[in-house]
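Analysis of the macromolecular model
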Amino acid sequence: MALLKNTVHNIIYEELCQGIITEQSRDVYLKVIDKLKHEGAEAVILGCTEIALLVQQKHTNVPLFDTTAIHANSAVLRSLGED
């Protein structure tokens, strides 16, 4: 499990933060998402801003919640007085 955690971390900081997006890294993340689904997860929170650069809803049938998009949409609604 530690190796997987390190791999996920390294993809964020050594690739995504540098603007590098690869199919190989996407496959790693999709395998993690599938593993979580098989362990009972009903959805996955993309809690790091860079992850949505790599994995989008079109890549998996597991519901994804992109916290960056959620916060941005909420800020817009609030600024428009529609919160």
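Now for a description of the structure that goes with this document. Values in this document were obtained by computation on a predicted structure and should not be read as measured data. Positions within a chain are numbered from 1, following the residues in the order the chain's sequence is written. It should be noted that, the model being predicted, local features are given only for residues of pLDDT at least 70 and side-chain atom pairs only at 80 or more, the latter also being counted only at that level, while totals for whole chains, interfaces and linings use all residues. Heavy atoms throughout the structure, all of them, feed into the side-chain values; hydrogens and water do not.

**Focus: the pattern of salt bridges**
How we decide: By salt bridge we mean one thing: a side-chain nitrogen of Lys or Arg within 4 Å of a carboxyl oxygen of Asp or Glu. Each helix is a run of H or I in the DSSP string that is no shorter than four residues. Each strand is a run of E no shorter than two, and both are numbered from the N terminus. Here the term buried applies to any residue with accessible area under 20% of the maximum for its type, exposed to any over 50%, and partly exposed to those in between, with areas from a 1.4 Å probe on protein chains only.
Enumeration according to the criterion identifies two salt bridges in this entry. The residue E23 makes a salt bridge to R26 at a minimum N-O spacing of 2.5 Å. Residue E23 and its partner R26 are both found in helix α2 (residues 23-38); the two are separated by three residues, about one turn of the helix. For E23, a relative accessible area of 52% corresponds to the exposed category. The salt bridge involving E39 is made with K35; its shortest N-O contact spans 2.4 Å. Classification of K35 by relative accessible area gives partly exposed; the value is 37%.

**Details of the packing of helix α1 (residues 2-15) against α2**
Formally: Fitted lines through C-alpha atoms give the axes, limited to the stretch in contact for helices. The angle between two N-to-C directions lies from 0 to 180 degrees. Orientation labels follow simple angle bins: below 35 degrees gives roughly parallel, above 145 gives roughly antiparallel, 65 to 115 gives roughly perpendicular, and whatever is left gives oblique. Two helices crossing with the near one rotated counterclockwise from the far one by less than a right angle form a left-handed crossing, whereas a clockwise rotation gives a right-handed crossing. Note on contacts: a residue pair is in contact if any heavy atoms of the two residues lie within 4.5 Å. Amino acids outside the nonpolar list (Ala, Val, Leu, Ile, Met, Phe, Trp, Tyr, Cys, Pro) and the charged list (Asp, Glu, Lys, Arg) are all regarded as polar, and Gly is one of them.
The contact between α1 and α2 brings their axes to 11 Å, and the two run at 140°. On the basis of the axis angle, α1 is oblique to α2. For the crossing formed where α1 meets α2, the hand is left-handed. Residue-level inspection shows L4, T7, V8, I11, I12 and E15 of α1 in contact with α2, the latter providing S25, V28, Y29 and V32. Here the residues of the contact of α1 with α2 are counted per class, giving seven nonpolar, two polar and one charged.

**Remarks on a nonpolar patch on the surface**
Under the convention used in this document: Only residues whose relative accessible area exceeds 30% and that take part in no salt bridge are eligible for patches, with like-charged residues grouped when within 9 Å of each other and nonpolar side chains (Val, Leu, Ile, Met, Phe, Trp, Tyr) grouped when within 5 Å. For accessible areas, the Shrake-Rupley method is used with a probe of radius 1.4 Å. Any residue's cover is judged against the shown protein chains and nothing else.
On the surface, I45, F65 and I70 cluster together into a nonpolar patch covering about 310 Å² of accessible area. Relative to the assigned elements, I45 resides in strand β1 (residues 44-46). Since its relative accessible area comes to 62%, I45 is described here as exposed.

**Comments concerning α2**
Rule in force here: Each residue after the first adds 1.5 Å to the expected span of a helix. In this description, one arc is meant: the one made by directions from the helix axis to the C-beta atoms.
Over its 16 residues, α2 runs 22 Å from end to end, which matches the ideal 22 Å to within 8%, given 1.5 Å per residue. Along α2, the positions that sit buried rather than exposed are S25, R26, Y29, L30, V32 and I33. Take α2 and look down its axis: the buried residues cluster within an arc of 155°, on one side only. Counted as exposed and oriented over 90 degrees from the buried face of α2: E23, Q24, K31 and H38. Buried residues along α2 sit against α1, β1, α3 (51-54) and β2 (64-66). Looking one or two places after α2, you find G40, whose phi comes out positive at around 115°.

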